[in-house]
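Each chain, letter by letter, is given below.
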Amino acid sequence: MNIRKLLTFGRKQFVWLSITFNIVLILLVFIFVLKYETEVYFSEQFYPMEYTTRDTVNFFWPDNNKMALSITFDDARISQIDSGGISILDKYDVKGTFYVSPENLAPHIDDWKRAIENGHEIGNHTTTHPCSVNFGWHRRKTLENYSLTDIYNDINTANKIIAEVLGVQPVSFAYPCGQTFVGMGVNAKSYVPLISSMFESGRLYSSGTVNPVFCDMAQLPAESIDNKSFEEILELIENARKKGQWLILTGHDVGEHNDTGYNLVTSKITLEAICKYASDPTNGIWIDNVHNIASYINDKRDEKPFIYLSEYKKPSGSLYSKLWSVCYISKMKIAYYKYKIGQKIKSL
Ligand SMILES: [Zn+2]
């Protein structure tokens, strides 16, 4: 009797085990197929772009200005807030663009929200900041090791985190390390078309100014502001003004070189001098955030305002991004509350 009971019990367990095993197997195959499908889709998709020569565009900057200027910062480094970077912009009513790394936002969420209220723009800079293996990144996090699906999930996750934590939907993107590829060798691919479908603009990290009539909005050059004097930046401004172009400046930490211990540092003296100079109307500069200038250019070029292209929304990508963003947001919330409790304890 007991043996029969035991056998029945064992058979029941076996049935449940095999059902579970089969479900897991089907799910794994499903995920694999979806991932593969997405990859094929990305590599074969048709890039919908209306071709126009733009030869007849009558372009001019507003208010008789001779050029446009944007000040941007990457990575949401603490010194951009702690060392007074945003305060300097606010003092001169200059609106900047901050391409944020979500994990650095945590302790200063309130300050970033205030920055948005003051007219600053929050851009996407991916979730994990993948760059080339040659930059010393962990091998799993390198662009050589990424597929288009991976980079899509990474960027989409950052969008979800920013929307959840700061309440804004980014329309501007900055390529980490200014690199625009994934994969390697014969399998390398550009992710510029992906950025073009997801954002109004994509900012590089290479020297040059933007030709407003003919530029590709998904590949805007930018000059580094780090470790430079005002005189060096003034030379770039004069060059852009002569050509009637858009100069985008980009920095990382804010402070004086020796204070921060980092090697990419925007001097507060330089930053203040730029803001002061650009705010003087006699210098003919329209200084504003990337989105305001990019949308003005689009309008003058008679192009449609930016919309997120829905054909890139793939179920597997959305599911991955959703799960990943929930995990990141929980981590950030814990870090945020830890910081707040720490502050309270300090003030006691
Ligand atoms: Zn960066």
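Everything numeric in this text was worked out from a predicted model, so none of it was measured.

K.L.:
Please give an account of the pairing of strand β9 (residues 246–251) that cites residues and values.
P.N.:
Within β9, six of the six residues are buried, leaving the element largely enclosed by the surrounding structure. Of the pairings in the sheet, the one linking strand β1 (residues 67–74) to β9 comprises six bridges and is parallel in character. Pairing of A68 across the sheet is with W246, part of β9. As judged from the two bridges shared by strand β8 (residues 223–224) and β9, these two strands associate in the parallel manner. Bridge pairing in β9 places S224 opposite T250. Handedness of the crossover is the feature at issue here: the chain leaves β8, passes through helix α8 (residues 230–243), returns alongside β9, and the resulting connection is right-handed.

K.L.:
How would you summarise the packing of α8 against helix α10 (residues 268–279) if you had to cite specific residues and measurements?
P.N.:
At a closest axis distance of 9 Å, the pairing of α8 and α10 adopts a crossing angle of 35°. For the pair α8 and α10, the sense of crossing is right-handed. Judged by residue contacts, F230, I233, L234, I237 and R241 of α8 engage T270, A273, I274 and Y277 from α10. Taken together, the residues that form the contact of α8 with α10 break down as seven nonpolar, one polar and one charged.

K.L.:
Report on the nonpolar core, specifying residues and quantitative values.
P.N.:
Nonpolar side chains tend to gather and get buried jointly when the protein is soluble and globular. Grouped together as the largest cluster of nonpolar side chains are 43 residues, with contacts concentrated most on L69, I71 and W112. Broken down by element, this core gets its largest block of residues, six residues, from α8. Ignoring sequence-local partners within four residues, the contact set of I71 consists of L89, V94, G96, T97, L249, L271, I274, C275 and I287. Y99, A174, L220 and I293 belong to the second largest nonpolar core, which has 19 residues in total.

K.L.:
Break down a negative patch on the surface for me, citing the residues and quoting the values.
P.N.:
Residues E231, E232, E235 and E238 make up a contiguous surface patch of negative charge. Counting through the fold element by element, E231 comes out in helix α8.

K.L.:
Could you give an account of the pairing of β1, with specific residues and numbers?
P.N.:
Most of β1 sits inside the fold, with eight of its eight residues counted as buried. Every second residue of β1 is oriented toward a common face, with M67, L69, I71 and F73 on one face and A68, S70, T72 and D74 on the other, all of them buried. Inspection of the sheet shows β1 paired to strand β12 (residues 285–287) by three bridges, in the parallel sense. Counted as the bridge partner of M67 is I285 from β12. In this sheet, strand β2 (residues 97–100) lies alongside β1 in parallel orientation, the contact comprising three bridges. Among the inter-strand pairings, F73 is bridged to a residue of β2, identified as F98.

K.L.:
Would you mind going over the coordination of the zinc ion in detail, with residue names and values included?
P.N.:
Protein ligation of the zinc ion involves D75 (OD), H125 (NE2) and H129 (NE2), the donor distances falling in the range 2.1 to 2.2 Å. Sequence spacing among the residues donating to the zinc ion works out to D-x49-H-x3-H. Note that D75 is positioned in the loop between β1 and α2 (79–82) and H125 in the loop between β3 (121–124) and α6 (148–166), a separation of 50 residues in sequence. Considered together, D75 and H125 belong to a single accessibility category, that of buried residues.

K.L.:
Any chance you could break down the pattern of salt bridges for me, citing the residues and the numbers?
P.N.:
Side chains carrying opposite charge are able to pair once their charged atoms draw close together. Within the structure shown, the criterion is met by seven salt bridges. Taking the shortest distance from any N to any O, the salt bridge between K95 and D93 comes out at 2.7 Å. Among the salt bridges present, the one from R301 reaches E303, with a minimum N-O distance of 3.4 Å. On the accessibility criterion, R301 (6% relative accessible area) is buried. Judged by relative accessible area, which is 23%, E303 ranks as partly exposed. When salt bridges with common partners are traced through the structure, they connect D75, R77 and D253 into a single cluster.

What counts and what doesn't
Residue positions are given per chain, counting from 1 as you read along its sequence in written order. Local features in this predicted model are restricted to residues whose pLDDT is 70 or higher, and side-chain atom pairs enter the listing and the counts only when it is 80 or higher, whereas totals over whole chains, interfaces and linings include all residues. To get the side-chain values, all heavy atoms of the structure are used, and hydrogens and water are removed first. The rule is simple: take the accessible area with a 1.4 Å probe, protein chains only, and divide by the maximum for that residue type; under 20% is buried, over 50% is exposed, in between is partly exposed. Put simply, DSSP marks the helices as runs of H or I at least four residues long and the strands as runs of E at least two long, and each gets a number from the N terminus on. Here the rule is simple: two strands pair whenever DSSP picks up at least two bridges between them. Handedness of a crossover is defined as follows: orient the strands so they point away from the viewer, and if the path from the first strand over the helix to the second runs clockwise, the crossover is right-handed. Angular values range over 0 to 180 degrees, each being the angle between N-to-C directions of two axes fitted as lines to C-alpha atoms, with helices fitted over their stretch in contact. By the definition used in this description, the sense in which the near helix is turned from the far one sets the handedness, with an anticlockwise turn below a right angle giving left-handed and a clockwise turn giving right-handed. Contact definition: two residues touch when any of their heavy atoms are within 4.5 Å. When residues are grouped by polarity, Ala, Val, Leu, Ile, Met, Phe, Trp, Tyr, Cys and Pro land in nonpolar, Asp, Glu, Lys and Arg in charged, and all others, Gly among them, in polar. Residues belong to a common nonpolar core when they are buried Ala, Val, Leu, Ile, Met, Phe, Trp, Tyr or Cys residues joined through side-chain atoms within 4.5 Å. Patch building starts from residues that exceed 30% relative accessible area and form no salt bridge, then joins like charges within 9 Å and nonpolar side chains (Val, Leu, Ile, Met, Phe, Trp, Tyr) within 5 Å. Per-residue and other accessible areas were derived by the Shrake-Rupley procedure at a 1.4 Å probe size, with only the shown protein chains allowed to occlude residues. By definition, a salt bridge exists where a carboxyl oxygen of Asp or Glu is found within 4 Å of a side-chain nitrogen of Lys or Arg. Positive charges come from Lys and Arg alone, negative charges from Asp and Glu alone, with His and the N- and C-terminal ends not counted. The location of each charge is read from NZ of Lys, CZ of Arg, CG of Asp or CD of Glu. Only N, O and S atoms count as donors, using a 2.8 Å cut-off from the metal and 3.2 Å for Na, K and Ca, and because water is excluded some sites may appear unfinished.

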